[in-house]
Amino acid sequence: MIDPWHLRGRARAVALAAALPAFAAVVPASAQPAGAASPARPGPPAGAGQPAAAADSAPATSPARSTVVLPTALAPEDAERGAPLASALDALLADTAQDLGLSVELAHRAASRPRPDEAELMERARSSDRLFIAPSLGLRGDDVELRLALASGGARSLRVRVERVERDELAVRAAVMLRDLVAELDVGARAAPPRGEEEPCSERCRGRLATPARSLGKATLAANATLYGGLVGFSIQRSSGSDDPRLLYPLLAVGAGIGLGGAIIIAEEWDVGVADAWYLGSGTWWPTIAGHLIYEGRFAQHAADPDQERWASGLIGGTAGITLAALGLSLGRMSEGGALLAQSGGGLGLTLGALVEWAARGDVERTPIAGMGYGAAFGWLAAAAAATQLDMTASQVLTIDVGALLGGLGAAALASPLVFESPTQAQQRAWVGAAAGGFLLGAGVTWYVTRPAFAGARGGSARPSWNRFGLPMIGVIGESVVGSRRAPALGLGWQGAIP
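Cut-offs used in this document
- Residues numbered from 1 in each chain as written.
- Predicted model: local features only at pLDDT ≥ 70, side-chain atom pairs only at ≥ 80, totals over all residues.
- Heavy atoms only, no water.
- Helix = DSSP H or I, 4+ residues; strand = E, 2+ residues; numbered from the N terminus.
- Buried < 20%, exposed > 50% of the residue type's maximum accessible area, 1.4 Å probe, protein only.
- Contact = heavy atoms within 4.5 Å.
- Pairing = 2+ DSSP bridges.
- Axes fitted to C-alpha atoms, helices over the stretch in contact; angles between N-to-C directions.
- Parallel < 35°, antiparallel > 145°, perpendicular 65-115°, else oblique.
- Left-handed = near helix turned anticlockwise from the far one by under 90°.
- Nonpolar A, V, L, I, M, F, W, Y, C, P; charged D, E, K, R; others polar.
- Core = buried A, V, L, I, M, F, W, Y, C linked by side-chain atoms within 4.5 Å.
- Expected span 1.5 Å × (residues − 1).
- Phe/Tyr/Trp six-rings, centres within 6.5 Å; stacked < 30°, edge-to-face > 60°.
- Lys NZ or Arg CZ within 6 Å of the ring centre and 35° of its normal.
- pLDDT = per-residue confidence, 0-100.
- Polar contact = N/O pair within 3.5 Å; in protein donor to acceptor, adjacent residues only side chain to side chain.

**Side note on the side chain of T288**
For step 1, the next point in the chain: Along the chain, T288 falls in helix α9 (residues 274-298).
For step 2, the next point in the chain: Take T288: its relative accessible area is 5%, and that puts it in the buried class.
For step 3, the next point in the chain: Excluding residues that lie within four positions of it along the chain, T288 makes contacts with Y228, L231, G314, G317 and G318.

Here it is in structure tokens:
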């Protein structure tokens, strides 16, 4: 039978002197609750072969965690011949725990040696906020099966290690196993968020099977920026009054290249999502369209060269829209519903602006160019501002848009007899009023009817929505797999579901 005091001496000389000083340099001791029984044993000074970093983070400089080392459990058939070995292991683990920066409490040790119930062990750790170390031994001929279990008050599970070793190696392996278990416990405690600050799973992992890639909207942003850059080059050429193709094509290439390069730089510098890219796109196109329409409807008839100034007005509108959209994104990440709301605001505003100009003029035969321009500008501006404040889904916005358009078209069709043959101004205004009323009524009724579905999407009533759509995505939309060969699938994707 092995000498217990020889076991302790060899473990201290081999395991602790070699392995534990390095461990103390990287694993700080945990905080000790009030009322701990005994302080940690101070480590060796930095000049005694220990690095300076290890001396700085030694357990003597920080509070130690209150720890209970339970007696080593033995099987009933091994109780008599394994008792001396278990007693030596108890003393070894208590010394090792103190060298690891733990404060060992002797008052809470149990007198019995049977293996404790694991559920009871976890309950004791949670109720007392202490660290419990539960060793057990099993004699297997010339070998020993060593099992170490750690129960921490802040953990939801036990940390267990089991090894079968020779009796001569028991001391070294026991010290190393305890060191590794405490190291895992400290690393997990530093990585886990504090209690009560965990992000709820409904927000953290709703519908996610994998972590989204960074700047997922890079391709969408690049496509919009490249097209707009080419439009800027064309606008510069047209506003200069030149029709020379030798100037046009270089300007198109330079504008598209600058737009593409700028989009790539922005996507590398910031995390641009698909919704962010579409929101910026709305600020690019709708104000540009509004600038063209407003100038064409209000100022073109008085200008000496309306074509040149119209393209310049489009540039001014696009620059202002991009600036405002960037300011909106500076308030936080944009949701898919917010991006679609901004796009929808420009289109629905253009329609309402046309109806307002028709009602003001009383002449539906004349194209309401200026009204469409003002409607697109103010509609996009209002919707883009609302998108930064409202929490809406893409399905909500799409549903209301469809209801508004169907209501407006239905009312216009029912009131169409008013504009047959030679309608008066009053009849034309009545037809426009009916179309606008149906437009607004359709949007309101759709919102009211689908409210339970929207409430379920926000975490209220769990009633299903009739549709779930996202924003279109340009770029990698899938993957082709043939044997061990893989290739990305590029294209335009738009996903949705109708349960």
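**A word on the pairing of strand β4 (residues 131-140)**
For step 1, the next point in the chain: Along β4, 9 of the 10 residues are buried, which leaves the element largely enclosed by surrounding structure.
For step 2, the next point in the chain: Across 2 bridges, strand β2 (residues 73-74) lies against β4 in parallel orientation. What sits directly across from A73, in β4, is S136.
For step 3, the next point in the chain: As paired elements, β4 and strand β5 (residues 143-152) share 10 bridges and run antiparallel to each other. The residue bridging G138 from the neighbouring strand is E145, located in β5.

**Describing the packing of helix α7 (residues 218-239) against α9**
For step 1, the next point in the chain: It is the contact of α7 with α9, at a shortest axis distance of 9 Å, that shows an interaxial angle of 20°. When the interaxial angle is binned, α7 and α9 end up roughly parallel. Judged by the sense of rotation from one axis to the other, the crossing of α7 with α9 is left-handed. Packed against α7, whose contacting residues are T220, L221, N224, L227, Y228 and L231, the element α9 presents A277, W278, L280, G281, T284, W285 and T288 at the interface.
For step 2, the next point in the chain: Looking at the contact of α7 with α9 residue by residue, the classes come out as 8 nonpolar, 5 polar and no charged.

**Focus: unusual backbone geometry**
For step 1, the next point in the chain: Notably, E421 is not glycine yet its phi reads approximately 55°, a positive angle.
For step 2, the next point in the chain: Topologically, E421 is positioned in the loop between α13 (394-414) and α14 (425-449).
For step 3, the next point in the chain: Taking relative accessible area as the criterion, E421 reaches 82% and is therefore assigned exposed.

**A few points about the nonpolar core**
For step 1, the next point in the chain: Ranked by internal contacts, the top residues of the largest apolar core, which has 30 residues, are L221, Y279, M334, A339, L341 and W380.
For step 2, the next point in the chain: Take this core: its biggest share by element is 8 residues, from α9.
For step 3, the next point in the chain: By size, the runner-up hydrophobic cluster in this structure holds 29 residues, among which are V69, L100, L131 and L178.

**Quick word on helix α10 (residues 306-329)**
For step 1, the next point in the chain: Along its 24 residues, α10 runs 35 Å from first to last C-alpha, staying within 8% of the 34 Å computed at 1.5 Å per residue.
For step 2, the next point in the chain: Taken together, the buried positions of α10 are occupied by W311, S313, G314, L315, G317, G318, G321, A325, G328 and L329.
For step 3, the next point in the chain: As for α10, its buried residues are in contact with α7, α9 and α12 (369-387).

**Describing the packing of helix α11 (residues 336-361) against α12**
For step 1, the next point in the chain: Contact geometry for α11 and α12: axes closest at 6 Å, N-to-C directions at 150°. Our classification of the angle between α11 and α12 gives roughly antiparallel. Along this stretch, α11 crosses α12, giving a crossing that reads as right-handed. Counted together, G338, L341, A342, G345, G346, G349, L350, G353, A354 and E357 of α11 and I369, A370, G371, M372, G375, A376, G379, W380, A383, A384, A386 and A387 of α12 form the full contact between these two elements.
For step 2, the next point in the chain: By residue class, the composition of the contact of α11 with α12 is 13 nonpolar, 8 polar and 1 charged.

**A closer look at the packing of aromatic side chains**
Any aromatic ring pair is given by two values, namely how distant the centres are and how the planes are angled relative to each other.
For step 1, the next point in the chain: In this structure the tally under the stated criterion is 4 aromatic pairs.
For step 2, the next point in the chain: Ring centres of Y295 and F299 lie 6.1 Å apart, and the angle between their planes is 35°; this geometry places the pair in the tilted category.
For step 3, the next point in the chain: F299 gets classed as partly exposed once you look at its relative accessible area, which sits at 41%.
For step 4, the next point in the chain: Between the NZ or CZ atom of R298 and the centre of the ring of F299, over which it lies, the distance is 5.8 Å.

**Focus on the environment of L93**
For step 1, the next point in the chain: The residue L93 is located in helix α3 (residues 79-99) in this model.
For step 2, the next point in the chain: Apart from the residues lying within four places of it in its own chain, the contact partners of L93 are V69, P135, L148, A174 and L178.

**Quick word on the confidence of the model for the chain**
For step 1, the next point in the chain: Residues with a pLDDT of 70 or more make up 69% of the chain, whose mean pLDDT is 75.
For step 2, the next point in the chain: When pLDDT is averaged over each element of the chain, α12 comes out on top at 92 and helix α2 (residues 52-56) at the bottom at 39.
For step 3, the next point in the chain: Counting interchain partners and residues more than four positions distant, the pLDDT-below-50 stretch residues 1-62 has 97 contacts.
For step 4, the next point in the chain: Taken together, the stretch residues 453-468 has pLDDT below 50 and engages in 31 contacts with residues farther than four places along the chain or on a different chain.

**Overview of helix α8 (residues 245-269)**
For step 1, the next point in the chain: Between its terminal C-alpha atoms α8 stretches 36 Å, which fits the 36 Å expected from 25 residues at 1.5 Å a residue.
For step 2, the next point in the chain: Regarding α8, the residues found buried are L248, G255, A256, G259, A263 and A267.
For step 3, the next point in the chain: Each element contacted by the buried residues of α8 is listed here: α7.
For step 4, the next point in the chain: Measuring from the backbone nitrogen of R246 back to the side-chain oxygen at the start of α8 gives 3.0 Å, which picks out D244 as the cap.

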